[in-house]
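Spelled out, the chains give:
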Amino acid sequence: MADQTVAPVVSAAKPAKPAQASEVTLAHIMSEHDTNLYGTIHGGVVMKLIDDAAGAAAARHAEGPAVTAAVDSMTFLAPVRAGDLLTAHAELERAGRTSMTVHVTVTAERWNATGPVTRVATGRLTFVAIDADSHPRPVPALLEPAAA
Ligand SMILES: CC(C)(COP(=O)(O)OP(=O)(O)OC[C@H]1O[C@@H](n2cnc3c(N)ncnc32)[C@H](O)[C@@H]1OP(=O)(O)O)[C@@H](O)C(=O)NCCC(=O)NCCS
């Protein structure tokens, strides 16, 4: 007779990962549709790019869906104009049990590369990895960079 014993389900923790494994860079050319009443780019457009880049980095680290839980900081350093190529670079800074903190740096340059590259914004956001029932689920630990 076949053994009817049911083996216990063991959910092995996923191995720790370095921040480089989940880095994301998103670039987008700003148009006149993105401007505010002052003629510069609306802060919400920049915030969306930051949230998109950070969310992709968090989802990569978590190897699945992760939702924005908090915007810890958002800094606008210089105005952005229509015709600027915005580049957002997102990198994991911390991984908790189910949450992750992602830092994003945004630079701007003219779309045809005729000007300097300027740092225009930074953001720090917290994401929580979720399962199919939208409940928090564990994420891999973050490996510290090797000492130089
Ligand atoms: C984010 C969310 C999943 C957290 O669910 P929850 O049941 O309250 O989570 P818990 O209290 O069990 O906390 C889980 C983790 O999230 C962290 N967390 C929860 N809310 C947080 C907040 N506002 N800021 C920072 N971290 C937060 C906790 O510290 C914990 O971290 P840890 O596991 O690494 O220690 C839930 O609040 C949610 O679904 N919010 C809406 C998300 C959303 O729609 N975002 C916009 C679109 S992506």
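Residues numbered from 1 in each chain as written. Predicted model: local features only at pLDDT ≥ 70, side-chain atom pairs only at ≥ 80, totals over all residues. Heavy atoms only, no water.

A. Highlighting the side chain of Thr98. Along the polypeptide, Thr98 turns up in the loop between strand S4 (84-95) and strand S5 (99-110). Not counting residues up to four positions away in its chain, the partners in contact with Thr98 are Phe127, Val128, Ala129, Pro136, Arg137, Pro138 and Val139. (Helix = DSSP H or I, 4+ residues; strand = E, 2+ residues; numbered from the N terminus. Contact = heavy atoms within 4.5 Å.)

B. Expanded view of the confidence of the model for the protein chain. Looking at the protein chain as a whole, its pLDDT mean stands at 92, while 89% of the residues score no less than 70. Contacts of residues 6-11 to residues separated by more than four positions or lying in other chains number 0 contacts, the stretch itself having pLDDT below 50. (pLDDT = per-residue confidence, 0-100.)

C. Representation of the nonpolar core. In terms of nonpolar packing, the biggest core is built from 30 residues, with Ile50, Leu86, Met100, Val102, Val104, Val106 and Phe127 touching the most fellow members. Contributions of two or more residues to this core are made by helix H1 (43-62), S4, S5 and strand S6 (118-129). The element best represented in this core is H1, accounting for 8 residues. When neighbours within four sequence positions are excluded, Leu86 is seen to be in contact with Leu26, Ala27, His28, Met30, Val46, Leu49, Val80, Val106, Thr107, Ala108 and Val120. (Core = buried A, V, L, I, M, F, W, Y, C linked by side-chain atoms within 4.5 Å. Buried < 20%, exposed > 50% of the residue type's maximum accessible area, 1.4 Å probe, protein only.)

D. Molecular detail of the site of the ligand. Around the ligand, the neighbouring residues are Val67, Thr68, Ala69, Ala70, Gly96, Arg97, Thr98, Ser99, Thr126, Val128, Ile130 and Pro136. Side-chain polar atom of Thr98 to an oxygen atom of the ligand: 2.7 Å apart, as the coordinates give it. Contact distances for the ligand include 2.7 Å between an oxygen atom and a side-chain N or O atom of Ser99. Burial of the ligand by the protein amounts to 42% of the accessible area it has alone, namely 950 Å². Where the shell around the ligand is concerned, the elements lending two or more residues are strand S3 (66-76) and S6. The class makeup of the residues in the shell around the ligand is 6 nonpolar, 5 polar and 1 charged. (Near = heavy atom within 4 Å. Polar contact = N/O pair within 3.5 Å; in protein donor to acceptor, adjacent residues only side chain to side chain. Areas by Shrake-Rupley, 256 points an atom, 1.4 Å probe, with all protein chains shown as cover. Nonpolar A, V, L, I, M, F, W, Y, C, P; charged D, E, K, R; others polar.)

E. Main features of H1. Counted at 1.5 Å a residue, the expected span for H1 with its 20 residues is 28 Å, and the 28 Å between its end C-alpha atoms agrees. Of the positions making up H1, those classed as buried are Val46, Leu49, Ile50, Ala53, Ala54, Gly55, Ala57, Ala58, His61 and Ala62. With its phi angle positive at about 55°, Glu63 sits one or two positions after the end of H1. (Expected span 1.5 Å × (residues − 1).)

F. Quick look at the environment of Ala59. By the secondary structure assignment, Ala59 is in helix H1. With a relative accessible area of 26%, Ala59 lands in the partly exposed category. Through-space distance from the C-alpha of Ala59 to that of Phe127 is 8.7 Å; in sequence the pair is 68 residues apart. Non-local contacts of Ala59, meaning those with residues more than four positions away in its chain, are made with Gly64 and Ala66.

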